[in-house]
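Residue strings, one per chain:
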Amino acid sequence: MPYSFVRRWWGYAGLLVFLISSFATQASATVFGAVRGVVHDPQHRPVSNAQVTLQANDSQYKLTEPTGSDGEFHFDAVPLGVYTVSVDVAGFAAQSQVLQLASGSAPVMHFQLAIATAKSEVTVTASPDDLNPDSPRRDILIDKEQISRYAGVDASNSFKIITEFVPGAYMVHDQLHVRGGHQVTWALDGVPIPNTNIASNVGPQFNPKDVSYLQAETGSYAAEYGDRVYGVFNVAPNNGFERNREAQLILSYGNYNQTDDWLSFGDHTAKFAYYVSAGGNSTDWGLEPPTDVNLHNQAYGGGAFTNLIYNPTANDQIRFDGGLRLDYYQVPNDPDMQADSVNDRQREQDIYATGTWAHTFSPGLMLTTSPFYHFNRAAYEGGPNDVPITTDNRSSNYEGGQITMAAINRRNNARFGIYAFAQQDTSYFSLVANDGSGQQFNQTVHPGGYLFAGFLEDQFKATNWLTFTGGLRLTHFSGGVTENAADPRVGVAVQVPKLNWVLRAAYSYYYQPPPLDTVTGSLLDFLENQDLGFIPLQGERDIQQEYGITIPVKGWTSTLTCFHTSVRNFFDHDAIGNSNIFLPLTIQGAIIEGEEATLRSPLILHRYTAHLVYSHQIAQGVGAVTGGLTDFEPPEGGAFYLDHDQRNTLAAGFEGSLPWRTFAAVTINYGSGFLNGDGPDHLPGYYTLDLSVGKSLGESWMLRFIGTNITNQRYMLDTSNTFGGTHWADPLMCAVQVKFRFHY
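The rules behind the values
- Residues numbered from 1 in each chain as written.
- Predicted model: local features only at pLDDT ≥ 70, side-chain atom pairs only at ≥ 80, totals over all residues.
- Heavy atoms only, no water.
- Pairing = 2+ DSSP bridges.
- Helix = DSSP H or I, 4+ residues; strand = E, 2+ residues; numbered from the N terminus.
- Axes fitted to C-alpha atoms, helices over the stretch in contact; angles between N-to-C directions.
- Phe/Tyr/Trp six-rings, centres within 6.5 Å; stacked < 30°, edge-to-face > 60°.
- Buried < 20%, exposed > 50% of the residue type's maximum accessible area, 1.4 Å probe, protein only.
- Lys NZ or Arg CZ within 6 Å of the ring centre and 35° of its normal.
- Core = buried A, V, L, I, M, F, W, Y, C linked by side-chain atoms within 4.5 Å.

Chemist: I'd like a description of the sheet that holds strand β4 (residues 72–79), backed by residues and values.
Modeler: Strands sit in the order β4-β1-β7 across an open sheet of 3 strands; the sheet is mixed. On the outer flanks of this sheet lie β4 and β7 (108–112), each paired with one strand and no other. Adjacent strand axes in the sheet meet at a mean angle of 20°, parallel and antiparallel pairs treated alike. Where strand β1 (residues 32–40) and β4 come together, 6 bridges link them in antiparallel fashion. Note on β4: the bridge partner recorded for V35 is F75.

Structural data, given as structure tokens:
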């Protein structure tokens with residue numbers, strides 16, 4: 001991109017910042033959508049002054065408004081979730097429809113009313129998963145009932161909330177991977193929480209018990225997202241509109257001395273709602289051990305979270321989310337390490353605060369603003385009997401936000417905005433050879449950087465069945481390197497008339513800023529003595545093609561998606577010699593491609609639902625190391641498989657209500673096996689079975705049994721180098737959980 005163009009564009013961006021700042025401070029991506037519609041009589045004439053009510057299905061959140069002279073209604077700033085939209089007008093039978101709303105979407109609903117009769121009743125038209133026929137991407141919505149019923153999904157230190165429902169998602173070497181990469185975006189109430197570090201944390205940022213809905217996307221993102229390519233997870237947390245001075249206490253205990261306890265409170269008035277929670281967990285089986293014997297593997301942690309919502313006027317909503325999470329892990333030993341009294345540890349801290357102001361100027365015109373702050377730490381501390389003794393303590397501070405202006409009319413769903421954050425890191429490295437050589441060093445560095453991006457996008461509805469999406473994201477990053485990126489994104493969605501099948505296609509460019517890790521001084525000297533070096537990290541640049549189809553049949557919804565991602569400067573990580581100091585690196589290129597399928601059922605026999613997610617995927621690297629830690633020797637041959645390459649991954653679940661106020665949920669998981677060493681062979685495949693059974697005891701108590709890998713399948717998961725090499729999967733883990741609800 002020519003320098004003159006870049007300079008001119010940043011000038012325009014600066015003007016945009018000044019103008020929007022007249023209204024608000026920096027702001028966020030959105031958790032909101034809009035709901036539009038039209039009400040007709042039997043002769044297809046518009047019905048004015050009909051009362052339209054939008055009611056959340058899981059809380060007392062409600063909006064009402066009358067239709068205009070053209071029979072139209074419009075609700076702005078509606079959080080993602082499931083709603084019932086009802087229409088009531090004198091002389092006609094009342095009617096309602098169920099809607100699943102994705103963030104950033106603006107579905108149009110049609111109500112054709114029937115003349116009221118003496119026995120007229122409300123007609124409920126329930127849809128399965130919202131097809132979102134205007135979007136080129138597939139959204140997966142996970143609700144709190146699924147989170148609370150499936151085994152292990154609501155555990156404080158678990159990522160099953162992702163791996164259970166999102167195709168191509170799996171855990172390997174204690175890290176969440178999605179579509180072959182580590183880097184994902186977590187957004188809270190629509191606010192993206194920045195984290196440029198690569199695979200240094202093993203613990204989650206959020207407790208799944210605090211999640212009301214989770215919207216998952218794995219490709220074809222809108223232009224307002226752009227810093228983490230492999231997954232976007234937008235969390236709509238619990239809020240006080242779900243409760244009336246109600247508290248919930250969860251206590252659990254299981255094998256390996258597992259505990260996972262949690263307490264929450266919530267209440268609301270017409271304009272204000274609050275929710276607050278705190279929890280703690282501990283276990284004797286924290287991380288994946290290097291052998292099938294569990295040694296030196298305790299873990300414990302805790303956290304707190306709050307969500308506040310205030311609606312000062314009909315056109316304004318103010319939200320605040322804040323949370324903290326502290327975790328401690330012993331790094332597992334093999335028998336030889338245990339005999340040598342090796343005592344390595346990992347400490348993690350995460351603190352965040354976000355605020356959102358959503359202001360509606362007029363129907364279809366909304367400004368969303370949100371500043372944010374994020375602190376993240378990962379500290380690896382080697383024990384005194386290690387050879388060598390290593391310490392790697394990294395902390396990162398982020399301050400910034402995003403401003404988004406959304407404009408919606410009959411044909412357009414447009415948005416534009418800016419996103420920025422500043423980052424300051426403190427990294428402490430220490431190494432003591434401990435082998436008689438006397439070699440040792442310690443080093444503290446304070447790298448800093450910032451990112452500034454502007455984006456614009458429009459979703460143009462050419463006809464009732466054809467929608468085009470086009471967007472552009474321009475990014476400037478300054479840290480260890482200075483880079484600019486221009487990332488266009490285009491997509492199309494076609495809803496086949498009568499069949500209601502939705503065909504999707506998208507072609508997208510992405511840029512991911514690099515971590516601020518750097519190596520100087522004595523650490524660099526140590527690396528050079530081992531014929532290693534450190535090259536400044538470059539940003540990852542990705543091109544993704546995605547094609548898919550969504551098919552609804554009698555309430556069942558199935559999707560098939562094919563994707564191909566070509567990567568330049570693929571982010572990964574590696575260790576320094578025989579130590580446990582891990583530094584990020586970039587590989588010259590990567591090719592990740594695959595096919596994904598999902599299946600979701602309607603309510604079967606008024607009691608049961610089922611889902612299936614499947615992925616066939618190949619993850620390959622190409623070329624030598626281009627940044628980060630390297631021995632300067634390119635790999636032999638051409639392409640090679642990445643260590644987290646697994647061809648086939650499947651999760652299938654079935655859950656429902658049983659007699660005597662009992663429920664059950666069953667999950668079958670399958671993986672075909674990850675790369676064995678340098679490959680090309682892969683480890684054997686594996687199956688696991690999870691089971692959850694619960695029973696309500698009166699109105700306030702619930703007792704639940706939870707079991708993961710209940711057949712106790714023991715298998716080697718991978719042979720990577722993170723946290724000590726080979727990893728073995730978790731054995732049978734079972735626990736009893738007690739829930740108690742009470743008013744205060």
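Chemist: Can you explain the packing of aromatic side chains? Please cite residues and give values.
Modeler: Under the counting rule described, the total for this entry stands at 24 aromatic pairs. Where Y670 meets Y687, the ring centres are 4.7 Å apart and the plane angle is 35°; that geometry is what we call tilted. Linking Y670 in strand β37 (residues 662–671) with Y687 in strand β38 (residues 686–697), this pair joins segments that are 17 residues apart in sequence. On the basis of relative accessible area, Y670 is assigned to the partly exposed category, the value being 24%. What links up through ring pairs into an aromatic cluster is the set W186, F206, F233 and Y352. Over the aromatic face of Y641 sits the side chain of R647, whose NZ or CZ is 4.6 Å from the ring centroid.

Chemist: Got a sec to walk through the nonpolar core? Specific residues and values, please.
Modeler: If you look at the biggest cluster of nonpolar residues, it comprises 44 residues, and the most contacted ones within it are I162, W186, L214, F233 and F570. Mapped by element, the contributors of at least two residues to this core are β9 (140–143), α3 (160–163), β11 (175–178), β12 (185–188), β14 (211–217), β15 (232–237), β32 (556–575) and β33 (582–600). Judged by nonpolar contacts, the second largest core, of 24 residues, contains V35, F75, V89 and F241.

Chemist: So what about unusual backbone geometry? Which residues, and what values?
Modeler: Even without being a glycine, H296 presents a positive backbone phi close to 55°. Structurally, H296 can be placed in the loop between β18 (272–283) and β19 (299–313). The phi dihedral of N712 falls on the positive side, at around 55°, and the residue is not glycine. In this structure, N712 sits in the loop between β39 (701–708) and β40 (716–718).

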